[in-house]
Amino acid sequence: MSFINYLSREINCKIVYYGPGLCGKTTNLQHIYNKTNPEAKGKMISLATETERTLFFDFLPLALGEIRGFKTRFHLYTVPGQVFYDASRKLILKGVDGVVFVADSQIARMEANIESMENLRTNLAEQGYSLDKLPHVIQYNKRDMPGIASVEELRQILNPNGVPDFGAVATTGEGVFETLKAIAKLVLTELKRGGGAGGR
Amino acid sequence: MANPQMVMYEEEFNLIQGIVDRLVREANAQVVFIIDKNGQLIAASGETDQLDTTSLASLTAGNIAATGGIAKLLRENEFTTQFHEGERANIHIQLVGNRVILVVIFDNKTSLGLVRLRVKKASEELNGIFEQLLAKVQDPDHETPFAEITDDDIDNLFND
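Residues numbered from 1 in each chain as written. Chains lettered and ligands numbered in written order. Predicted model: local features only at pLDDT ≥ 70, side-chain atom pairs only at ≥ 80, totals over all residues. Heavy atoms only, no water.

(A) Main features of the overall build of chain A. Looking only at helices and strands, one finds five helices and eight strands in chain A. Going from the N terminus to the C terminus, chain A shows its helices and strands as β-β-α-β-β-β-α-β-α-β-α-β-α. Taking 200 residues into account, the globule formula puts the C-alpha radius of gyration at 16 Å, and chain A, at 16 Å, falls close to it. A principal-axis box enclosing the C-alpha atoms of chain A has dimensions of 50 × 35 × 30 Å. Within chain A, the proportion of its 200 residues that are buried is 56%. When contacts within chain A are restricted to residue pairs at least 6 apart in sequence, those whose partners lie at least 24 apart make up 70%. For chain A, the exposed area adds up to about 8300 Å²; of that, 52% sits on carbon and sulfur atoms. Taking the average place of the 24 positive charges on the side chains of chain A and the average place of its 21 negative ones, the gap between the two points comes to 8 Å. (Helix = DSSP H or I, 4+ residues; strand = E, 2+ residues; numbered from the N terminus. Rg over C-alpha atoms; globule rule 2.2 N^0.38 Å. Buried < 20%, exposed > 50% of the residue type's maximum accessible area, 1.4 Å probe, protein only. Contact = heavy atoms within 4.5 Å. Areas by Shrake-Rupley, 256 points an atom, 1.4 Å probe, with all protein chains shown as cover. Lys, Arg positive; Asp, Glu negative; His and termini not counted. Charge placed at Lys NZ, Arg CZ, Asp CG, Glu CD.)

What follows is the structure, encoded as structure tokens:
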């Protein structure tokens, strides 16, 4: 749910990075944080366990520039990927304007990708959203790892609707900003169309 | 409409800011702020210079969401009030109209009793204003700044 403030002339949107455990959601945010000018970003918050697994969420506020005198601000969140944190994932999806699904390209993680994608659909549906109507993009991460599926294969399984998708290596930053730009653009385009939040 | 968009106009903002400013004074608080349940800061008053209000807003909303999740598991509607006591700072968190969150940060210059009393009064007033705001947003004639935005405007945002 975007928030438009006529007084401060700001448009605020919420983007959630979703995907199976250890697929690189937090790494995406860390790269964005490291490569963004200090004046365009706020503090990055990570609510993580002692072993640096996301416990609740990561949060990064980002300013992307102005459109017709309105400052556009994006709040980026990640969900905890581990299966048993489902209750937390549902909470973080509330009020979402756009989703980045981060898939793990390793063949061994294919089932985890599919399970997480189904979980995303279910959790969105519980809140009256449909993934098919919600702006979303897909990132095939870990392209530098051995034992990975081809992008075509991943696309066939995870992207039947043909939404924008990107290969990535989040640890080096490859594909990270391309993914972010694509989702930001989709979210703003959806708002322009007078939609916003895929349930309407 | 499951999840109506939050829009803030000057008229309502001034009313809300007035209530928040008054609450700082009357409760003798350090900081008062209002955020929506998604973690967007709506208004703030008091000694906000030293505070990272964006982070605070996001974490408070996460806190309220988690508490709401616990309430649901216990078949409660919501836990509308939370209070955290520290050595120097205390924080009182109040859910208003199940839509926005009123946060008061205070030290030992005031008391929890006074804060609660003032928060109760402010909550009632805020509830009315947010209902009015919601009605305005749901009015089919209400304008959005997006109507005039072109695809080129959006593209230009991403030209490095």
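(B) Examining the sheet that holds strand 6 (residues 100-106) of chain B more closely. All names here are of chain B. Read from one edge of the open sheet, five strands run 3-2-6-5-4, paired in antiparallel fashion. In this open sheet, the two strands that pair with only one neighbour each are strand 3 (41-46) and strand 4 (81-85). With direction set aside, neighbouring strand axes in the sheet form an average angle of 10 degrees. As defined by bridge partners, strand 5 (residues 90-96) adjoins strand 6 across seven bridges and the pair is classed as antiparallel. Following the sheet pairing, V96 is matched in strand 6 by V100. This element, helix 2 (residues 53-73), spans strand 2 (31-36), strand 3, strand 4, strand 5 and strand 6 of the sheet and lies at about 60 degrees to strand 2. (Pairing = 2+ DSSP bridges. Axes fitted to C-alpha atoms, helices over the stretch in contact; angles between N-to-C directions.)

(C) Region of the structure containing the interface of chain A and chain B. At the interface, 39 residues of chain A touch 40 residues of chain B. Between chain A and chain B lies a buried interface of about 3700 Å² when both sides are counted; carbon and sulfur atoms form 65% of it. Residue B:D52 pairs with A:K43 through a salt bridge whose shortest N-O separation is 3.9 Å. For the interface between chain A and chain B, the tally reads six residue pairs in polar contact (both at pLDDT 80 or more). Going through the elements one at a time, strand 1 (3-5), strand 2 (10-18), strand 3 (45-48), strand 4 (54-67), strand 5 (70-78) and helix 5 (176-192) of chain A are the ones with two or more residues in the side of chain A that touches chain B. (Buried area = accessible area lost by both parts, 1.4 Å probe. Salt bridge = Lys/Arg side-chain N within 4 Å of Asp/Glu carboxyl O. Polar contact = N/O pair within 3.5 Å; in protein donor to acceptor, adjacent residues only side chain to side chain.)

(D) Just helix 3 (residues 110-126) of chain A, in detail. All names here are of chain A. The end-to-end C-alpha distance of helix 3 is 25 Å, a good match for the 24 Å that 17 residues give at a rise of 1.5 Å each. Those residues of helix 3 hidden inside the fold are in contact with strand 2, helix 2 (86-93), strand 6 (98-104), strand 7 (136-141) and helix 4 (151-158). In the segment just after helix 3, G128 is the residue with positive phi, at about 85 degrees. (Expected span 1.5 Å × (residues − 1).)

(E) Up close: helix 2 of chain A. Along helix 2 of chain A, the residues that are buried comprise A:S88, A:R89, A:L91, A:I92 and A:L93. Looking at the buried residues of helix 2 of chain A, the elements they touch are strand 2, strand 4, strand 5, strand 6 and helix 3 of chain A together with helix 2 of chain B. Looking one or two residues beyond helix 2 of chain A, the residue adopting positive phi is A:G95, at roughly 70 degrees.

(F) Structural view of empty space enclosed by the protein. Residue and element names in this part refer to chain B. Scanning the entire structure with this criterion turns up two cavities of 30 Å³ or more. Reported here for the largest cavity is a volume of approximately 40 Å³. What lines the largest cavity is simply Q5, M6, V7, R99, F130, L133, L134 and V137. For the lining of the largest cavity, the secondary structure elements donating two or more residues are strand 1 (6-8) and helix 3 (112-138). Looking at the lining of the largest cavity element by element, the count peaks at four residues for helix 3. Split by residue class, the lining of the largest cavity holds six nonpolar, one polar and one charged. (1 Å grid on protein atoms, 1.4 Å probe; cavity = no way out; pocket = protein on both sides within 12 Å on 5 of 7 lines; lining within 4 Å. Points joined across faces, edges and corners; volume = space filled by probe spheres on them. Nonpolar A, V, L, I, M, F, W, Y, C, P; charged D, E, K, R; others polar.)

(G) Quick look at the layout of surface pockets. There is about 1100 Å³ of room inside the largest pocket. In terms of lining, the largest pocket is formed by 37 residues, of which the most central are A:K90, A:L91, A:K94, B:K37 and B:A65. Looking at the lining of the largest pocket, the element that brings in the most residues is helix 2 of chain B, giving eleven residues. Across the lining of the largest pocket, the residue classes tally to 16 nonpolar, twelve polar and nine charged. A:L22, A:G24, A:T26, A:T27 and A:E52 are the residues nearest the centre of the second largest pocket, which is lined by 25 residues in total. For the lining of the second largest pocket, the elements supplying multiple residues, two or more each, are helix 1 (25-35), strand 3 and strand 4 of chain A. Broken down by element, the residue count for the lining of the second largest pocket peaks at four residues, all from helix 1 of chain A.

(H) Spotlight on the pairing of strand 6 of chain B. Residue and element names in this part refer to chain B. The buried fraction of strand 6 amounts to seven of the seven residues, a majority that puts the element mostly inside the structure. Sheet topology places strand 2 next to strand 6; six bridges connect them, and they run antiparallel. The residue of strand 6 that forms the bridge with I35 is I101. Between strand 5 and strand 6, which pair antiparallel and follow one another directly, the connecting turn spans three residues, one of which, G97, has a positive phi of 55 degrees.

Honestly, it's all geometry; don't read function into it.
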